[in-house]
Each structure stands twice: as C-alpha cells, then as structure tokens.
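The residues making up each chain are set out below.
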Amino acid sequence: MTATIIDGKEASARLKDGIAKAVADLKAKHGLVPGLATVLIGDDPASQVYVASKQKTAHALGMNSVQHDLPGATPEAELLDLIRRLNADPKINGILVQLPPPKHIDPFKVITAIAVAKDVDGLHPESAGRLMAGGDSLVSCTPMGCVMMIKDVRPDLTGLHAVVVGRSNLVGKPVAHLLLNENCTVTIAHSRTKDLAAVCRTADILVAAVGRREMVRGDWIKPGAIVIDVGINRVPTAEGKSKLYGDVNFAEAVEVAGAITPVPGGVGLMTVACLMVNTLKATCLQNGITDVEIPTRLPPRA
Ligand code: GUN
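Here the structure is a predicted model, which is why all the values come from computation and not from measurement.

What counts, and where the lines are drawn
Residues numbered from 1 in each chain as written. Predicted model: local features only at pLDDT ≥ 70, side-chain atom pairs only at ≥ 80, totals over all residues. Heavy atoms only, no water. Phe/Tyr/Trp six-rings, centres within 6.5 Å; stacked < 30°, edge-to-face > 60°. Lys NZ or Arg CZ within 6 Å of the ring centre and 35° of its normal. Buried < 20%, exposed > 50% of the residue type's maximum accessible area, 1.4 Å probe, protein only. Helix = DSSP H or I, 4+ residues; strand = E, 2+ residues; numbered from the N terminus. Pairing = 2+ DSSP bridges. Near = heavy atom within 4 Å. Polar contact = N/O pair within 3.5 Å; in protein donor to acceptor, adjacent residues only side chain to side chain. Areas by Shrake-Rupley, 256 points an atom, 1.4 Å probe, with all protein chains shown as cover. Contact = heavy atoms within 4.5 Å. Right-handed = clockwise from strand over helix to strand, strands pointing away. Axes fitted to C-alpha atoms, helices over the stretch in contact; angles between N-to-C directions.

S.K.: I would appreciate a short explanation of the packing of aromatic side chains in the present structure.
M.R.: Aromatic ring pairs: the centre-centre distance and the angle between the two ring planes describe each pair. Counted according to the given criterion, the structure contains zero aromatic pairs. Residue placement shows Arg213 over the ring face of Tyr245; its charged tip is 3.7 Å from the ring centre. Above the plane of the ring of Tyr245 lies Lys243, whose end atom (NZ or CZ) is 5.1 Å from the centre.

Next comes the structure, spelled out in structure tokens:
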C-alpha cells in the first residue's frame, strides 16, 4: 500500500483562498484591514526565510504587515519596549516575535510581554491555558495546521488513538490538546518514552514533532495510519547549502501509512497560513466582529 500524500502547498492554497475572501469581507463590511507585526532579532538565515514568508503571505492576502528587524545584540529591555509599543498600537492586531531569540534574551519574558489579544502565535500561557480549559483562544499555528490537515483526510477523529511524539510548548502539548478536543484518545510520547516504536505502532494518527532526523521508521507505523511530520531538520550539504529532513523516514513510511505529509512541502506551509487565520481572528475579536467567517478547517477542493 502506498500512502496518500497530504500536499501542504495545495492545502495551504485552499486555506489562504478562504482567508483572502474573509479579509475582503471584513474590509467591505467594517472598513478594517488586519495588521500583523513581525519581529526578527539577529540574522539567522532560516528565521529570515520564515519571517519573509509570513510578511509576503500577509500582503498577498490583503493584510497590512510591518517587519521590525533588530540587530542580534539588541538588549532585552529594548525588545520588550518595542512589544509594549506594538501592544498599544491600534493598527496592529497581531504580534509575532520569531523564535528562538538570541541567547541573552529570555523567550518566556518575550512571549508573556505580548498582549494576549494580539498573541497570534498562541504561545502566551493564557492562550495555552484557554486551549486546555476552554474559552475562545488563539491557538498556535503549527498545531492548528496539523489538525486541519488530519481532518481534511479524516473529518471525524472520534475514538482514534493519536500519538504525539514530542512535548514542546510550540507543537507537542498544544497539538495533543487539539486532538483531545477532537475526541481522540491521546498519548504524548517523547525521546525518553520506553519502547517508543511500540507506542507509535498503536497510533491511528501519529504526529512526529521531536526534532530528530528520520527517527520514526516505517516499522513504527500502523498500516493505514495518518502520519504528520512536523520535523524541520536542516542538514548541511557538500555544496555548502542545506537539505531539509523530517522526523519521519518518508521513503519507508509512505509504504505503510494511509496518508502522510512530506518534508518539505507539508506542515510548514500550513503554519504560515494558520498565522493569517489567527491575525484575522484577532482582528475580529478585538473589534467585536462576528459576521465575518473565519476558516476553522480547510475549505473543500474546488
Ligand atoms: N520559530 C519556529 N517556529 C515558530 C513559530 O511558530 N512561531 C515563532 N514565533 N517562532 C517560531
């Protein structure tokens, strides 16, 4: 059996189409344009690529977007001061500080300085708490993208066993809560889990977000399972470039799984689109707007 490839480019294009329509609707009905501020500290090449893609996508969908490029040596207090100004700026509805920051800056201080209403990354402890305890929250983008892709191939996840490999605040923990909210039975596993392969083999849905190149092998996968690979492992090549590898051995897994996301071309593209969902949602929540439809799932194929 060869798995269905879940194409992140095609899926994110559908989602972005839905967001662009909603952005146009928001402007027509209320004269409002969502505003996103992205902040990049330092010159990490991968972070530069990610932030540029966020900026470009925001503009392409009809949003306003401003980028703040700060030198790598920017003092923490200066960054926190910028965040305070963005919190108070009525034209800015969402704030994203690209992580990780340089070593002298405490990421927790940065995340908690962002106003919860503008926390389009969904990483503030209050946003994370609301995801767990209920209430309307901004949900972190990669987990949102993962669940949208899963539900696109299997709309009802009730009763399925989901195994999440990885326990980060960015992906593992929030994706586990989203899957719980979809009525899955959820196991959170990680690099220290005993007999990880055997645990993975029980998964109807396997989300790999552990950050280890091709750790999940073909014989770790239950035949027919949905496999979502969140790994972005950059490996330098002989030509001085880098090649991306997922956390799943794709060549092996594709022979066993029912559906699988590739790396690159999978989850990463959905992360950016989901950031736009959150920017739109934050704008509507901040303005008490309820008559604009915010996409909560992938629109059907045309
Ligand atoms: N770095 C890697 N992924 C992310 C993300 O989703 N948000 C932010 N802010 N930084 C990241």
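Next comes the rest of the account.
S.K.: Got a minute to help me understand the pairing of strand E7 (residues 205-208) in this structure?
M.R.: For a regular strand, the rule is simple: side chains alternate between the two faces of the sheet. Alternating positions in E7 separate into two faces, Ile205 and Val207 on one and Leu206 and Ala208 on the other, with burial throughout. Note: strand E5 (residues 161-165) against E7, four bridges, orientation parallel. Pairing of Val164 across the sheet is with Val207, part of E7. Bridge count between E7 and strand E8 (residues 226-229): four bridges; the pairing is parallel. Looking at E8, one finds that Leu206 is bridged to Val227.

S.K.: Whenever I open this one, the site of the ligand confuses me. Can you help?
M.R.: Residues in close proximity to the ligand include Leu96, Val97, Gln98, Leu99, Asp121 and Leu170, which together make up its full environment. One of the side-chain nitrogen or oxygen atoms of Asp121 is found 2.5 Å away from a nitrogen atom of the ligand. Taking 280 Å² as the accessible area of the ligand by itself, protein coverage stands at 83%.

S.K.: How should the side chain of Thr74 be read in this particular structure?
M.R.: You can see Thr74 is positioned in the loop between strand E3 (64-70) and helix H3 (76-88). Thr74 gets classed as buried once you look at its relative accessible area, which sits at 3%. The residues touching Thr74, leaving out its near neighbours within four places in the chain, are Ile41, Leu79, His104 and Ile105.

S.K.: Teacher, can you tell me more about unusual backbone geometry here?
M.R.: For residues besides glycine, phi is generally negative; the peptide bonds are generally trans as well. Residue Leu99 is joined to Pro100 through a cis peptide bond whose omega torsion reads -5 degrees. Secondary-structure assignment places Pro100 in the loop between strand E4 (94-97) and helix H4 (107-113). Despite not being glycine, Asn183 has its phi angle at roughly 70 degrees, a positive value. By the element assignment, Asn183 lies in the loop between helix H7 (172-181) and strand E6 (185-189). At Glu214, a position not held by glycine, the phi torsion is positive, near 50 degrees. Here Glu214 is to be found in the loop between E7 and E8. On the basis of relative accessible area, Glu214 is assigned to the partly exposed category, the value being 27%.

S.K.: Whenever I open this one, the pairing of E6 confuses me. Can you help?
M.R.: Judged from the five bridges that link them, E5 and E6 form a sheet pairing that is parallel. Paired with Val163 across the bridge in E6 is Thr187. Chirality of the crossover, the property in question, places the unit of E5, H7 and E6 among those that are right-handed.

S.K.: Is there a simple way to explain the sheet that holds strand E2 (residues 35-41) in this structure?
M.R.: Strand pairing within a sheet occurs via backbone hydrogen bonds; the two strands may be parallel or antiparallel. The strand order across the open sheet formed by three strands is E3-E2-E4, and the pairing between neighbours is parallel. Each edge of the sheet is formed by a strand with only one pairing partner; in this case those strands are E3 and E4. Each neighbouring strand pair of the sheet contributes to a mean axis angle of 15 degrees, computed without reference to strand direction. Of the pairings in the sheet, the one linking E2 to E4 comprises four bridges and is parallel in character. For Leu36, the partnering residue across the bridge sits in E4 and is Gly94. Lying on the sheet, helix H2 (residues 45-60) is in contact with E2, E3 and E4; it crosses E2 at an angle near 170 degrees. Running over the sheet, H3 touches E2, E3 and E4 and is turned about 180 degrees from E2.

S.K.: Would you mind going over the environment of Gln98 with me for this structure?
M.R.: Among the structural elements, Gln98 can be located in the loop between E4 and H4. The class of Gln98 is buried, set by a relative accessible area of 9%. Along the backbone, Gln98 and Tyr50 are 48 residues apart, and their C-alpha atoms lie at a distance of 8.4 Å. Ignoring any residue separated from it by four or fewer positions in sequence, one finds Gln98 in contact with Val39, Leu40, Ser47, Tyr50, Val51 and Lys54. Only 2.7 Å separates the side chain of Gln98 from the side chain of Lys54, close enough to count as a polar contact.

S.K.: Sorry, what's going on with the environment of Pro143 here?
M.R.: Tracing the backbone shows Pro143 in helix H6 (residues 141-153). Here Pro143 falls in the buried class, since its relative accessible area comes to 0%. Considered as a pair, Pro143 and Val163 are 20 residues apart in the sequence and their alpha carbons are 14 Å apart. Beyond its immediate chain neighbours, meaning those up to four positions away, Pro143 contacts Leu170, Val171, Pro174, Val175 and Leu178.

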